[in-house]
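Here is what each chain is made of, one letter per residue.
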Amino acid sequence: MNELLELRERLIRFYTDYDVYIRPLFRFALAVITFITLNDKIGYVSQLNNLLVIIILSVICAILPVNGIVFIGTVLIVANSFGLNVGVGAFAVVLYLLMLLLYFRFVPKDALAIILTPVAGALHMPMTVPVVLGLMRGPVSAITLIFSVLSWSFVNGLPDTVEAVANTKGASMIDIVQAIPGAMMNSKTILMLVTFVVVFLIVTCIRELVSSHAWEISIIVSAIIYLGLMIAGASILNVKINLVMTVIETAISAAVAFVFEFFCYNADYSHTEFLQFEDDNNYYYVKVTPKRRPRYNLEEEEDETEEVEADADEKRFVTRENNIYEKKFEGINLQSRLEESLKSLNTNQNGRKNGLDGSTPGTARNTDKDEKMTTINLTVDSEDRQTRADAHKDRNSDIGGETIRLDPVSPESGDEAKAGDEANAREEDMGQTRIIRR
């Protein structure tokens, strides 16, 4: 069972990754099958019964939504009806115009049911359509079943009954038109309509009323009821059916419905939990049923998630590029520059003290020169002075326990630079070292 769950997860993941390509291909294949089936049944217009025309129409349907297949298929049926007889074509226009108006008004999302009804009948599993539609849609979708059965009955009745009347010598248009309702509403069509609608409504009711194992119970009960209605209806309406073939078709349809349930629902009722909580106005009783997930797959997903997060963190820290300010200071040993600057500041401070104690003017001038040389040594790149002047925020770096503050300033005159150096000396006495870079 775990292998099947893993296969289901892979298929769902594959469809999720490539649904942009899968959906157009699915619509194209569905259109090709539908149009070829229609032309095999009622290919009265030779221009439409052409493989190149079918491929062109299918390509158009691949671009359009699924309802495009319904519309173009209806146009093909009407066109082939006119190819048989003008009266038959007029009857088809009225019939399908009424169907399309009601269809697009009430059940515009049931296009697949209308398209797949003849396909399911050709594949000998007709019960699949009402069961799957009952599991997915509400009671209003019974209109879809009625339209699909009547449409397929009309298509089958044209070559079986109406064509024979149209080819009879002396047959008028009234005779041909009167033969169409009899070809459509025969005993077999009535049996299919009643059986499909009853099975659909039973599946819908069970799915909505039963909480646990609703889908499985719906499929089993619908298979029993379908088989019983077909046998009883055939005896009442005098419809000839093959009992063995009917049982085999019912079993195949039920198996297909279980496969559909496995991929689209697949609830794990063994881990159902009941929750109860309340607020100021209400009491809440909640039943939680988890979906079946492969155990091995969950562990893989966790490992993959952790690896992806680790790779993302590593990539974020390792591959981050330096900004323009960091690039300017690449290759520069700021610690050594700091030590040299501190030594120079200590020397300048000692020189100022000596000048205050009675040093000569020459000594003071030498001190001023030393201060200017210190300021020059602190400049990393004098050519980019204007670029650093445009910066709007300071960058601080902690190196060796000391704080370096890089403040871009505009060029100053000699007196202003001297005043700035004296301010630096006063800040050093307060226990802080501020280095101004120009």
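Since the structure is predicted, the reported quantities are computational estimates derived from the model, not experimental observations. Residue indices begin from 1 for each chain and proceed along its sequence in written order. Where totals are concerned, whole chains, interfaces and linings use all residues; where local detail is concerned, this predicted model gives features only for residues with pLDDT of at least 70, and gives and counts side-chain atom pairs only at 80 or more. Only hydrogens and water are set aside when side-chain values are computed; all heavy atoms of the structure are taken into account.

A. Expanded view of the packing of aromatic side chains. Stacked, tilted and edge-to-face are the three classes assigned to paired rings of Phe, Tyr and Trp, where Trp is represented by its six-membered ring and a pair needs centres within 6.5 Å; plane angles under 30 degrees give stacked, over 60 edge-to-face, the rest tilted. Counted by the stated rule, this structure contains eight aromatic pairs. Here the aromatic rings of Phe 14 and Tyr 18 are separated by 5.0 Å at their centres, their planes lie at 45°, and the arrangement is tilted. For Phe 14, a relative accessible area of 47% gives the class partly exposed. Note on Trp 215 and Phe 260: the rings are 6.5 Å apart at their centroids and 10° apart in plane angle, and the pair reads as stacked. Residue Trp 215 is located in helix H11 (residues 214–236), and its partner Phe 260 is located in helix H12 (residues 243–264); the two are separated by 45 residues in the primary sequence. Burial classes follow relative accessibility: with a 1.4 Å probe on protein chains only, a residue under 20% of its type's maximum area counts as buried, one over 50% as exposed, and anything between as partly exposed. Taking the relative accessible area as the measure of exposure, Phe 260 reaches 23% and is therefore partly exposed. Among the aromatic residues, those joined into a ring-pair cluster are Phe 91, Tyr 96 and Phe 154. Charges are assigned to positions over rings by a cutoff of 6 Å between ring centre and Lys NZ or Arg CZ, combined with an angular limit of 35 degrees from the ring normal. Directly above the aromatic system of Phe 106 lies the positively charged group of Arg 105, at a separation of 5.2 Å from the ring centroid. Here a strand is any run of E in DSSP of at least two residues, a helix any run of H or I of at least four, and the numbering for each starts at the N terminus.

B. Here's a closer look at the packing of helix H2 (residues 19–42) against helix H8 (residues 142–166). The geometry of H2 relative to H8 is characterised by a closest axis approach of 8 Å and an angle of 35° between their N-to-C directions. Taken together, the residues of H8 that come into contact with H2 (itself represented by Thr 37, Leu 38, Lys 41 and Ile 42) are Trp 152, Val 155, Asn 156, Leu 158 and Pro 159. Here the nonpolar group is Ala, Val, Leu, Ile, Met, Phe, Trp, Tyr, Cys and Pro; Asp, Glu, Lys and Arg are the charged ones; every other residue, Gly included, is treated as polar. When its residues are assigned to classes, the contact of H2 with H8 shows six nonpolar, two polar and one charged. For every element, the axis is a line fit to its C-alpha atoms; helices are fit only across the contacting stretch, and the angle between N-to-C directions ranges from 0 to 180 degrees. Two residues form a contact once any of their heavy atoms are found within 4.5 Å.

C. Structural detail: the pattern of salt bridges. Here a salt bridge means any side-chain nitrogen of Lys or Arg lying within 4 Å of a carboxyl oxygen belonging to Asp or Glu. Per the counting criterion, the structure on display carries four salt bridges. Where Arg 10 meets Glu 6, a salt bridge forms, and the shortest distance between an N and an O atom there is 3.5 Å. Note that Arg 10 and Glu 6 are positioned in helix H1 (residues 2–17) at a spacing of four residues, about one turn of the helix. Accessibility expressed as a relative area gives 12% for Glu 6, which makes it buried. Its salt-bridge partner being Arg 8, residue Glu 9 comes within 3.3 Å of it at the nearest N-O pair. A residue is classified by how much of its surface remains accessible, and Glu 9, at 10% relative accessible area, is buried. Within this structure, Arg 8, Glu 9 and Arg 293 form a network of salt bridges that share partners.

D. Representation of unusual backbone geometry within the structure. Although it is not a glycine, His 213 sits at a positive phi angle of roughly 55°. Along the polypeptide, His 213 turns up in the loop between helix H10 (187–209) and H11. In the Ramachandran plot, Asn 238 falls in the positive-phi region, its phi being about 55° despite a non-glycine side chain. Position of Asn 238 relative to the elements: it lies in the loop between H11 and H12.

E. Representation of the nonpolar core in the model. Here, the term nonpolar core denotes a set of buried Ala, Val, Leu, Ile, Met, Phe, Trp, Tyr and Cys residues that are joined through side-chain atoms within 4.5 Å. Grouped together as the largest cluster of nonpolar side chains are 64 residues, with contacts concentrated most on Phe 35, Val 88, Tyr 96, Phe 154 and Val 162. When residues in this core are grouped by element, the largest group, 10 residues, is from H8.

F. Quick look at the side chain of Ser 153. Checked against the element boundaries, Ser 153 lands in helix H8. Owing to a relative accessible area of 9%, Ser 153 belongs among the buried residues under this scheme. In protein, a polar contact requires one atom able to donate a hydrogen and another able to accept it; more generally it is a pair of N or O atoms within 3.5 Å, and residues adjacent in sequence count only if both atoms are side-chain atoms. There is a polar contact of 2.6 Å between the side chain of Ser 153 and the backbone oxygen of Met 184. Beyond its immediate stretch of four places on either side in the chain, Ser 153 contacts Ala 183, Met 184 and Thr 189.

G. How the structure looks around helix H3 (residues 51–63). Take the number of residues in a helix, subtract one, and multiply by 1.5 Å to get its expected span. With 13 residues, H3 should cover 18 Å at 1.5 Å per step; its first-to-last C-alpha distance of 19 Å lies within 8% of that length. Of all the positions in H3, only Ile 54, Leu 57, Ser 58, Cys 61 and Ala 62 are classed as buried. Projected onto a plane normal to the axis of H3, the buried residues spread over an arc of 150° and lie on a single side. Of the residues in H3, the exposed ones pointing more than 90 degrees away from the buried face are Leu 52 and Ile 63. If you follow the buried residues of H3, they end up packed against H2 and helix H4 (67–84). Structurally, the start of H3 carries an N-cap: the backbone nitrogen of Leu 52 is 3.2 Å from a side-chain oxygen of Asn 50. What the arc covers is the set of directions going from the helix axis to the C-beta atoms.

H. View of the packing of helix H7 (residues 128–136) against H10. Taken N-terminus to C-terminus, the directions of H7 and H10 make an angle of 30°; their axes are 8 Å apart at the nearest point. Our pair here, H7 against H10, has a crossing hand that is right-handed. Listed contacts from H10 to Pro 130, Val 131, Leu 133, Gly 134 and Leu 135 of H7 are Phe 196, Val 199, Phe 200, Val 203, Thr 204 and Arg 207. Among the residues making up the contact of H7 with H10, the classes are represented as eight nonpolar, two polar and one charged. Each helix crossing is assigned a hand: it is left-handed if the near helix lies turned anticlockwise from the far helix by less than a right angle, otherwise right-handed if that turn is clockwise.

I. Expanded view of the side chain of Asp 268. Its location among the elements puts Asp 268 in the loop between H12 and strand E1 (273–278). Here Asp and Glu are counted as negative and Lys and Arg as positive; His is not counted, and neither are the chain ends. Within the buried set, Asp 268 has no salt-bridge partner at all; the shortest N-O distance to an opposite charge, 4.3 Å, is to Arg 292. Here Ser 270 takes part through its side chain, which lies 2.6 Å from a polar atom of the side chain of Asp 268. Within the structure, the side chain of Asp 268 is placed 2.8 Å from the side chain of His 271, a separation counted as a polar contact. Those residues in contact with Asp 268, other than ones at most four positions away along the chain, are Thr 289, Pro 290, Lys 291 and Arg 292.

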